[in-house]
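In case you want the letters, here they are:
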Amino acid sequence: MSVQDSRTLLTTDGGPHPTEQVRRRKYGPLYSRNARAVVARGLMATKSSNWTVMASGFLEPVLFLVAMGVGLGSVVGSVQGPGGQEISYSAYIAPALLAVSAMNGAVYDSTWNVFFKMNFAKLYQGMLYTSLGPLDVAIGEIFLALLRGLLYATGFTAVMGMMGLITSPWALLMVPASVLIAFGFASFGMGITSFLKTFQQMDWVNFVMLPMFLFSATFYPLSVYPEPVQWLIQAMPLWHGVELLRQLSVGSFGPIMLVHVGYYVVMIGLGLMLTTGRLRSLFLK
Amino acid sequence: MTENVTHRETAALGEGPSTAGSTPAHAPEVSAARVRRWGAFYYAEKVLRAMRSYVWTIVLYSLGQPAAYLFAMGVGLATLVDANSTNAFGGVSYIVFIAPALLVSAAVMTASGEFTYPVMDGFKWRRVYYGPHATPITPQQIAAGHIMAIAVRFAVQSVLYLLVMMLFGATPSAWSWVLVPIAILTGLSFGVPLLAYAASVREDKGQFPMVMRFIVTPLFLFSGTFFPLDNLPLGVRWIGWISPIWHGTELGRGVSYGYQEPLWLIAVHLVFLLVLVIGGWHLAKKQFVRRLGQ
Amino acid sequence: MHPHTVPAASLPADAPARKIVISAHNLTKSYGDFTAVDGISFDVPQGEAFGLLGPNGAGKSTTMKMIGGVSQRTSGDLRIMDLDPGTHGPEVRAHLGVVPQQDNLDEELRVRDNLLVYGRYFGLPMSYLRPKADELLEFAQLTEKAKAKVDDLSGGMKRRLTIARSLINEPRILLLDEPTTGLDPQARHILWDRLFRLKEQGVTLILTTHYMDEAEQLCDRLIVVDKGRIMAEGTPANLIRDYSTREVVELRFGSERNAGIGAELGGIGDRLETLPDRVLIYAHDGEAALEQVIARGLRPLTSLVRRSSLEDVFLRLTGRSLVD
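Residues numbered from 1 in each chain as written. Chains lettered and ligands numbered in written order. Predicted model: local features only at pLDDT ≥ 70, side-chain atom pairs only at ≥ 80, totals over all residues.

*Asks:* Give me the lowdown on the overall build of chain A, citing residues and values where you can.
*Replies:* Secondary structure summary: chain A contains twelve helices and two strands in total. For the C-alpha atoms alone, the extent of chain A along its principal axes is close to 80 × 40 × 35 Å. With 285 residues in all, chain A has 47% of them scored as buried. For chain A, long-range pairs separated by at least 24 residues make up 79% of all intrachain contacts whose partners lie at least 6 apart in sequence. (Helix = DSSP H or I, 4+ residues; strand = E, 2+ residues; numbered from the N terminus. Buried ≥ 20, exposed ≤ 12 C-beta atoms within 10 Å, placed from the backbone. Contact = placed C-beta atoms within 7 Å.)

See below:
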C-alpha cells in the first residue's frame, strides 16, 4: 500500500535525508507545529525592510502624550486617578494612550497587513502550498504582531518613566498587560479581515476604531456620559484595556481587574476560534 | 491637405460596419485642441468617477468623524477643560475653540491620504497615470486634474463637517461658511507639496507611514488644535509656526467665532498657505513631467 | 458516467512496473450550481510528464488545487502517493512542489531568502537549506541575482525562481500551472530546458497549459479537458493521429468571404473547418489539397500548409470554433 521511495537519500551521518524526514512526519490537517517558520519569515522581511518605519511606530502615542499632557494639562490641572487620589493629566492619559497604541498596532497588523498579504501579495496561498496549515499561519502572524506590540509597550513605558509619570513599580506590569490587549485585538482582527474583500470595506475598520479610541475613557472619565452610554462603552474591549492599564499604572488593585483580564481571555479564545474557522473555509475550500 | 485626409479617414472608420450606428470620432486636431484647454478637467473627472465607488464611505466618514471628535473632545473633554479653566480659550467654550481647528485638520488628514498612495499607484503599482499619458493629456494636466479632484473632495467633506458643527452649536459667527474655502486652501497647502514629494518616490520603503508619523501627527497635535499654541514651551512652538494647520486654524477661528488677530498676521497666514500651494505646484509639475517623460 | 470519461489505469504498456503516484477517480468539484470539474479520472505513474490541456476555465487549475489539497473535492476519489489530500493536506504537500499560475513570490524577501524561507515552511533545517538554495539558484541561472530584490527580476527570472522554490523540498511530484504563460519565446525555451532536466531526474511533472506546442514539447501523455470533462487522452502523437489528419491547409479569403466559401471548397481534403478569420482544410497531403483549391479558380489572400498540431485536435474535439 505504501509508496516505496525509489531514491531514499541518506545524510552523511546515516539518518534519513531531511526532505525524507519531512515527508515521513505526521501533521494535523490545520496545524503542522511549524508556526516558527512563519515567524522567521516575518523577522527576515522586517530586517530587509525599512526598520525605522517599524521602530518609529511607538512615536504616535508619545506625541499624543506630550501634546495633550503638556499643552492641555496646563489647562485641565489634576484629575482623579483610579485609587481616588489626584494625579496629573499626563499621568491620567498615559496608560490610556498605551492601551490605544496596543489596540492600533494589533489591529493594523491583523487587518491591513493581513489583507494585503492575503489579497495582493498572495503570500498565504504560497505558504499553504507547503506543509504549513492555516493555524501555523495564524499563530505565526499573531505572534509577530504581539512581538511588535511588546517592543512598543516597552518603549512607551520607558518614555513614561523618563517623564516622571511612573510612581509605582507595579506600572511595569503594563507591558505584559498591553501584550494581552494586543492579543485580544489581533486574534479577532484576523478573523474579521478574512470577511473583507475590498479596500472600501477595510475603511469600515476605522469606523469602529475611531469612536472606540475617543470614547473609551481615554481623555476624560466615563462619568461625563449618561448611564446607558456608559454601559455601551463598558461593553467595548478598549475600555477594559484602558482601565486595566490605568489601575496598574498606579498599582491600584481590585477584583474588577479580574473582569478586565477575563474579558481579554474570552476575546482571545473567541477570536482564535473565529480566525481558524475562517482560514479553514477560505484556504481549504 | 493632410488635415482633410485624416479627417476623412477617421470619419470612414466611424462609419465602418463594426461600429455601425455610432457617431464618428472627431478629428485628431479637434481632440488635441479640446484637451489642450480641458485636459486637466478630463483627468479630474476620471479621479472623481473612481471616487464614486467609495462615495458612501467618504460621506459617512465626513459626517461620522466630526461627530465623533466634536462629541468626544467638544463635549466629553470639555467637561474637564471648561470646569478647570476660566477664559483659557479667549472667552469661548472649548467646543467652539476646537471645531474650526478640527475641520481644517480633517482636510490635511485627507490630503495626506489622497496625495500619497494614489500617486504611487499612478506611477508604479497599477500605473494609472500611464493610460491618460498615452492620450493627448499632458503630465501637467494629470497632476492638475488630480489636485482639482481632491479639492472637490475637500469641499464636500468640509461642507459636511460644517453641518455637523452647526448641529453641535459650534458656529457662532455668520461667517462660519468661509471655513470651507479656508479648509480647501489649507488642505492644498499641505497636499500639493506632498504630491510633489510622492511623485519623486520611486520605491516604497515605507516613506508614507513616516510622513504620517513624523509630519502629519505632530502638525495635528502641535498646531494649536486642542489648546492655544502659547501653552507650549518655545522649544516646540515653532512646529505651529511652520504648520499649515496652524495658519489655517487661525484664519478659521477668525471667521467662525471672531477671534481677533492683527491684519498683518492674517496676511501672513494667507501668504504662507498660498506660497506652499504655488511652490508645491511648480515642484509637482516638474516631477510629473520628468517621471512620465522617462 | 460521462461517455467521454476515460477509464482509469490506462498505463503505457512499456511501463508496467512504474507505480501510480496520482490517482483520480470520478473527481468532481462544484461551486454551487457550477461544476468546474465534472467526474474526471486519470492515473499518473511515477516519472511521467502528464499534461492537462484545455482552454481557460476548463477546470485545469481547480484540478491542480485539489491535487495540492488546497481545494476540497465535492465527490469522487483522489490519492496522491496513496494519501487523500483532503484529509492529509500537509503530508501530501510535503511530497509536492507547486508552481502556481501566477508567481506568488515573497516580495518582501530577497531572491535567496525566498528559497530559504520557503524551505522553512516544510520544516527543513538550515544546514540542509543553505547549500540546497545555492544549488537551486545555479539550476535556475539566478546565482548572480541571489541578493537582488524579487521586484527587480524580469518575468522569466521570477518564473524560474518560482520553479526553483518549488524544488526546495526535493519533491517527487511537481505541479506546474501554466508554467510559461506570459513569457517571451526565449524565456519559454530556457524554462522548458529546465523542466526536461527534472524529468530526466525522475520527477513526475503534472502541468496544465493552453499552449498546444508546450504540451507537445513536454508531455508524455495528456488529457484534453473542456468544461470540466475529459475529451480525449493519449500521447500527443496519438491524439494528432486519432483526431486530425497529417497536414492542414490554412486559407484566408478576407473576413467577408470566409463564411461563404465553404460550399465552393466541398470535396477537397478529409474535412473542412470554417473559422471567422480563416478556413482549414484537413488532408493527408496539404500541397495537393492547395493545388485543388487553386484549380477551382479560388484565389485565397494567403495560404499556408502545415503539420497538424494539438490545436487541431482540440478544435475537432470541442467543436467550439466551428461556424457551421
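Now, onward.
*Asks:* Break down the overall build of chain B for me, citing the residues and quoting the values.
*Replies:* The number of helices and strands found in chain B is twelve helices and zero strands. For chain B, the N- to C-terminal ordering of α and β elements is α-α-α-α-α-α-α-α-α-α-α-α. Along the three orthogonal principal directions, the C-alpha set of chain B runs to about 80 × 35 × 35 Å. The buried share of chain B, taken over its 294 residues, is 45%.

*Asks:* Describe in detail the interface of chain B and chain A, supporting the description with residues and values.
*Replies:* At the junction of the two partners, chain B supplies 29 residues and chain A supplies 28 residues. Taken together, the elements giving at least two residues each to the side of chain B that touches chain A come down to α3 (55-84) and α9 (207-221) of chain B. Per element, the largest residue contribution to the side of chain B that touches chain A is twelve residues, and it comes from α3 of chain B. Among the residues making up the side of chain B that touches chain A, the classes are represented as 16 nonpolar, eleven polar and two charged. (Nonpolar A, V, L, I, M, F, W, Y, C, P; charged D, E, K, R; others polar.)

*Asks:* Break down unusual backbone geometry for me, citing the residues and quoting the values.
*Replies:* Residue and element names in this part refer to chain C. A positive phi angle, near 65 degrees, is found at D82, a position not held by glycine. Even without glycine at this site, K227 takes up a positive phi of about 50 degrees. The residue K227 is located in the loop between β8 (221-226) and β9 (229-234) in this model. A tally of 16 C-beta atoms within 10 Å means that K227 is categorised as partly exposed.

*Asks:* Just give me the short version of the packing of helix α4 (residues 94-114) of chain B against α9 of chain B, but keep the residues and values in it.
*Replies:* All names here are of chain B. Where α4 meets α9, the closest approach of the two axes is 10 Å, and the angle between their N-to-C directions is 170 degrees. Relative to α9, the element α4 lies roughly antiparallel. Of α9, the residues touching α4 (which contributes S105, V108, M109 and S112) are V211, M212, V216, L219 and F220. Across the contact of α4 with α9, the residue classes break down as seven nonpolar, two polar and no charged. (Axes fitted to C-alpha atoms, helices over the stretch in contact; angles between N-to-C directions. Parallel < 35°, antiparallel > 145°, perpendicular 65-115°, else oblique.)

*Asks:* How would you summarise the environment of N119 of chain A if you had to cite specific residues and measurements?
*Replies:* Within the secondary structure layout, N119 of chain A lies in helix α5 (residues 89-119). Counting along the chain gives 89 residues from N119 of chain A to V208 of chain A, while the straight-line C-alpha distance between them is 22 Å.

*Asks:* Would you mind going over the environment of L123 of chain A in detail, with residue names and values included?
*Replies:* Along the chain, L123 of chain A falls in helix α6 (residues 123-128). Along the primary structure L123 of chain A and M273 of chain A are separated by 150 residues, whereas in three dimensions their C-alpha atoms are 22 Å apart. For L123 of chain A, the residues in contact, after removing those within four places along its chain, are K117 of chain A together with N104 and D106 of chain C.

*Asks:* Hey, could you go over the sheet that holds β8 of chain C for me, with residue numbers and the actual values?
*Replies:* Residue and element names in this part refer to chain C. Taking strand neighbours across the sheet as the criterion, the six strands line up as β5-β6-β7-β3-β8-β9 in an open arrangement whose pairing is mixed. Lying at the two open borders of the sheet, with one neighbouring strand each, are β5 (96-99) and β9. For this sheet, the mean angle separating the axes of adjacent strands, direction not counted, is 15 degrees. Where β5 and strand β6 (residues 173-177) come together, four bridges link them in parallel fashion. Counted as the bridge partner of L96 is I173 from β6. The strands touched by helix α5 (residues 155-166) are β5 and β6; relative to β5, the strand with the most contacts, the crossing angle is about 165 degrees. (Pairing = 2+ DSSP bridges.)

*Asks:* Could you give me a rundown of the sheet that holds strand β10 (residues 247-252) of chain C, with the residues and numbers involved?
*Replies:* Residues and elements named next belong to chain C. Sheet architecture is open: four strands sit in the order β11-β12-β10-β13, paired in antiparallel fashion. The sheet is open, and its two edges are formed by β11 (271-274) and β13 (302-307), each paired on a single side. With strand direction ignored, the average angle separating the axes of adjacent strands in the sheet is 20 degrees. Summarising the sheet, β11 and strand β12 (residues 279-283) pair through four bridges and their orientation is antiparallel. When the sheet's bridge partners are listed, R271 is paired in β12 with Y282. Across the sheet, helix α9 (residues 286-295) is in contact with β10, β12 and β13; its angle to β10 comes to roughly 35 degrees.

*Asks:* Kindly report on helix α9 (residues 199-215) of chain A, identifying the contributing residues and their values.
*Replies:* Helix length check: α9 of chain A (17 residues) gives 26 Å between terminal C-alpha atoms against 24 Å at 1.5 Å per residue, within 8%. Within α9 of chain A, the full set of buried residues consists of P211, M212, F213, L214 and F215 of chain A. Where α9 of chain A is buried, its residues touch α5, α10 (227-235) and α11 (237-250) of chain A together with α3 of chain B. Positive phi appears at A217 of chain A, one or two residues downstream of α9 of chain A, with a value of about 60 degrees. (Expected span 1.5 Å × (residues − 1).)

*Asks:* Kindly report on the nonpolar core, identifying the contributing residues and their values.
*Replies:* Membership of the largest hydrophobic core comes to 232 residues, with the highest contact counts inside it found for A99 and A182 of chain A, L103 and L195 of chain B together with L175 and I206 of chain C. The greatest single-element share of this core, amounting to 18 residues, is contributed by α5 of chain A. Beyond its immediate stretch of four places on either side in the chain, A99 of chain A contacts S178, I181, L238, G241, V242 and L245 of chain A. Grouped together as the second largest cluster of nonpolar side chains are 14 residues, L251, L280, A283 and A289 of chain C included. (Core = buried A, V, L, I, M, F, W, Y, C linked by C-beta atoms within 7 Å.)

*Asks:* Kindly report on the interface of chain C and chain A, identifying the contributing residues and their values.
*Replies:* In this complex, chain C contributes 36 residues to the contact, which on the side of chain A involves 34 residues. Among the secondary structure elements, those contributing two or more residues to the side of chain C that touches chain A are α2 (89-95) and α3 (111-121) of chain C. Looking at the side of chain C that touches chain A, the element that brings in the most residues is α2 of chain C, giving six residues. Partitioning the side of chain C that touches chain A into residue classes produces 14 nonpolar, eleven polar and eleven charged.

*Asks:* Give me the confidence of the model for chain B: which residues, what numbers.
*Replies:* All names here are of chain B. Averaged over every residue, the pLDDT of chain B is 88; residues scoring 70 or more account for 92%. At the level of individual helices and strands, chain B shows its lowest average pLDDT in helix α1 (residues 2-15), which scores 37, and its highest in helix α8 (residues 179-200), which scores 98. A low-confidence stretch, residues 1-18 (pLDDT under 50), is modelled with 14 contacts involving residues beyond four sequence positions or located in other chains. Scored by ipTM, the complex comes to 0.84, with pTM at 0.82. (pLDDT = per-residue confidence, 0-100.)

*Asks:* Could you give me a rundown of the arrangement of the chains, with the residues and numbers involved?
*Replies:* Contact analysis covers two pairs of chains in contact, and the most contacts occur between chains A and C. Chain B makes no contact with chain C; the smallest distance between any of their C-alpha atoms is 10 Å.

*Asks:* So, the pairing of β13 of chain C: which residues are in play, and what are the values?
*Replies:* Residue and element names in this part refer to chain C. β13 sits mainly on the outside: zero of its six residues count as buried. Strand direction decides the pairing type here: β10 and β13, joined by six bridges, are antiparallel. Bridge pairing in β13 places E247 opposite R307.

*Asks:* Tell me about the confidence of the model for chain A, and please be specific about residues and values.
*Replies:* In the predicted model, chain A carries a mean pLDDT of 86, and 94% of its residues have values of at least 70. For chain A, the element scoring lowest by mean pLDDT is helix α3 (residues 51-55) of chain A, at 76; α11 of chain A scores highest, at 96.

*Asks:* How would you explain the environment of M103 of chain A if you had to name every residue and give the values?
*Replies:* Residues and elements named next belong to chain A. The topology assignment puts M103 in helix α5. The sequence separation of M103 and P221 amounts to 118 residues, and the corresponding C-alpha distance is 19 Å. Contacts of M103, omitting those with residues within four sequence positions, involve I181, F185, L238 and G241.

*Asks:* I'd love a proper account of the pairing of β6 of chain C, names of residues and values included.
*Replies:* The side chains of a regular strand alternate between both faces of the sheet. Residues and elements named next belong to chain C. For β6, a buried count of five out of five residues is recorded, marking the element as mostly surrounded by other parts of the structure. Burial along β6 is two-sided: the face carrying I173, L175 and D177 and the face carrying L174 and L176 are both buried. Examined bridge by bridge, β6 and strand β7 (residues 204-209) share five bridges and lie parallel to one another. Residue pairing in the sheet places L174 in a bridge with L205 of β7. With helix α6 (residues 185-200) bridging β6 and its parallel neighbour β7, the resulting β-α-β unit is right-handed. (Right-handed = clockwise from strand over helix to strand, strands pointing away.)

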